Amino acid sequence: MFVFDPLYFLFAVPAMLFAMWAQFRVKSAYKKWSQVRSARSLNGFDVARTLMENEGLQHVGVERIDGMLTDHYDPRDKVIRLSEGSIQPSVAAMAIVAHELGHAAQDKEGYFWLRARASIVGIANLGSNLGTILFFVGLLLASLVGQGQLGYNIAVAGVILFSAAVAFTLVTLPVEFNASARAKVMLERSGLVSTSEAAGVNAVLQAAALTYVAAAAQSIAQLLYFITILMRRRD
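All of these numbers come straight from a predicted model, not from anything done at the bench.

A count of helical and extended segments in the protein chain gives six helices and three strands. Of the regular secondary structure in the protein chain, the N- to C-terminal order runs α-α-β-β-β-α-α-α-α. Overall, the protein chain is about 70 × 30 × 25 Å in size when its C-alpha atoms are taken along their principal axes. For the protein chain, buried positions account for 44% of its 235 residues. In the protein chain, once contacts between residues fewer than 6 apart in sequence are set aside, the share between residues at least 24 apart is 74%. On the protein chain, roughly 12100 Å² of surface is accessible, and the fraction owed to carbon and sulfur atoms is 63%. Here the protein chain contributes 20 positive and 17 negative side-chain charges, whose respective centroids are spaced 4 Å apart.

Structure follows, in structure tokens:
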């Protein structure tokens, strides 16, 4: 019943295609600029060290992490974790390192949207999984004789829970956009990038930002699908 619902594909396919395009963009930009050596031949650790000294982020630790593009900032341990590609002396690596330190700078100053995201991460994780399960369990119960209202209420609870996951993707957007803006400023202020390198940094960060927009679009599309199904059931 649900697998071949044409309405689902109406909502899901555009968002899925956008996500695929975003992934293509970020991989293409990363591949291109990871092959361009930085003019100063500083590897990721060197870039991190320079930026931390210039931006008052000496309290932040730097660690390696396995995988490709798995880089992130951990606000609990106050550490940025860099993948193998991000410790190379490339323009792409500079962009990624500076972006993660942008998050560290947000954390240091108590950036509102970073705190907001941290405050809902628990319910968002719960909602992304349990919310979907409750929605479909509710629809199943609603199809049974005598369980219509109970099933509908459970499905509504699932939608409410899933909304927390959607909110997380939306709150993530200003967090990531701001971290990228900080990254570009920090690199320029420290004199680590030339004009051509700044263009490469911008290309990598813009492509990465698209993946967060795509994630938000996918979650919104799924939420709208859930709501549309509930409205049809209610009628």
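With that settled, the discussion passes to the sheet that holds strand E1 (residues 61-64). Spatially, the three strands line up as an open sheet ordered E1-E3-E2, and their pairing is mixed. Among the strands making up the open sheet, the edge pair consists of E1 and strand E2 (72-74). Geometrically, the sheet is characterised by an average inter-axis angle of 25° between neighbouring strands, direction not taken into account. Across the face of the sheet, helix H2 (residues 44-55) comes into contact with E1 and strand E3 (79-82) while running at roughly 170° to E1. Where helix H3 (residues 91-109) meets the sheet, its contacts fall on E2 and E3, and the angle it forms with E2 comes to roughly 25°.

The next point concerns the packing of H3 against helix H5 (residues 148-189). Two elements in contact, H3 and H5, have axes separated by 7 Å at closest approach and are oriented at 110°. Relative to H5, the element H3 lies roughly perpendicular. The handedness of the crossing between H3 and H5 comes out as right-handed. The segment H3 lies against H5, with Met94, Ala98, His99, Leu101, Gly102, His103, Ala105, Gln106 and Glu109 engaging Val175, Glu176, Asn178, Ala179, Ser180, Arg182, Ala183, Met186 and Leu187. A class-by-class count of the residues in the contact of H3 with H5 yields nine nonpolar, six polar and three charged.

Take the nonpolar core next. Soluble globular proteins: nonpolar side chains tend toward being buried together. Judged by nonpolar contacts, the single largest core of 31 residues is most densely connected at Val47, Leu51, Val60, Leu101 and Leu187. Residues within four places of valine 60 in sequence aside, it is in contact with Met52, Tyr73, Lys78, Val79, Ile80, Leu101 and Ala104. If you look at the next biggest cluster of nonpolar residues, it comprises 13 residues, including Leu7, Leu139, Val166 and Ile229.

What follows is about the packing of helix H4 (residues 112-142) against H5. Where H4 meets H5, the closest approach of the two axes is 6 Å, and the angle between their N-to-C directions is 150°. Considering their axes alone, H4 and H5 lie roughly antiparallel with respect to each other. Where H4 crosses over H5, the two elements pack in a sense that is left-handed. Class assignment of the residues belonging to the contact of H4 with H5 gives a composition of 27 nonpolar, nine polar and two charged.

What follows covers the environment of alanine 95. Its place among the elements puts alanine 95 in helix H3. For the pair alanine 95 and leucine 187, spaced 92 residues apart in sequence, the C-alpha separation works out to 8.4 Å. Residues within four places of alanine 95 in sequence aside, it is in contact with Val201, Val204 and Leu205.

Here we come to the UniProt feature "transmembrane region" (unreviewed entry) in the protein chain. Within this numbering scheme, the UniProt entry marks residues 6-24, 118-144, 150-173 and 211-231 as carrying the feature "transmembrane region" (unreviewed entry). Counted over residues 6-24, helix gives 100% and strand 0%. Its end C-alpha atoms are 27 Å apart. With 100% helix and 0% strand, residues 211-231 has end C-alpha atoms that lie 30 Å from one another.

Here we take up a nonpolar patch on the surface. Where nonpolar side chains cluster on the molecular surface, the patch consists of Ile123, Leu126, Leu130, Ile133 and Val137 and spans about 390 Å² of accessible area. Tracing the chain through its elements places isoleucine 133 in helix H4.

Tracing the chain through its elements places threonine 169 in helix H5. At 3.0 Å, the side chain of threonine 169 forms a polar contact with the side chain of serine 219. With residues near it in sequence (within four places) discarded, threonine 169 still touches Ala215, Ala216 and Ser219.

Reading the values: the criteria
Residues numbered from 1 in each chain as written. Predicted model: local features only at pLDDT ≥ 70, side-chain atom pairs only at ≥ 80, totals over all residues. Heavy atoms only, no water. Helix = DSSP H or I, 4+ residues; strand = E, 2+ residues; numbered from the N terminus. Buried < 20%, exposed > 50% of the residue type's maximum accessible area, 1.4 Å probe, protein only. Contact = heavy atoms within 4.5 Å. Areas by Shrake-Rupley, 256 points an atom, 1.4 Å probe, with all protein chains shown as cover. Lys, Arg positive; Asp, Glu negative; His and termini not counted. Charge placed at Lys NZ, Arg CZ, Asp CG, Glu CD. Pairing = 2+ DSSP bridges. Axes fitted to C-alpha atoms, helices over the stretch in contact; angles between N-to-C directions. Parallel < 35°, antiparallel > 145°, perpendicular 65-115°, else oblique. Left-handed = near helix turned anticlockwise from the far one by under 90°. Nonpolar A, V, L, I, M, F, W, Y, C, P; charged D, E, K, R; others polar. Core = buried A, V, L, I, M, F, W, Y, C linked by side-chain atoms within 4.5 Å. UniProt positions renumbered as here; feature names shortened; annotations may be inferred. Patch = residues over 30% accessible without salt bridge, like charges linked within 9 Å, V, L, I, M, F, W, Y side chains within 5 Å. Salt bridge = Lys/Arg side-chain N within 4 Å of Asp/Glu carboxyl O. Polar contact = N/O pair within 3.5 Å; in protein donor to acceptor, adjacent residues only side chain to side chain.

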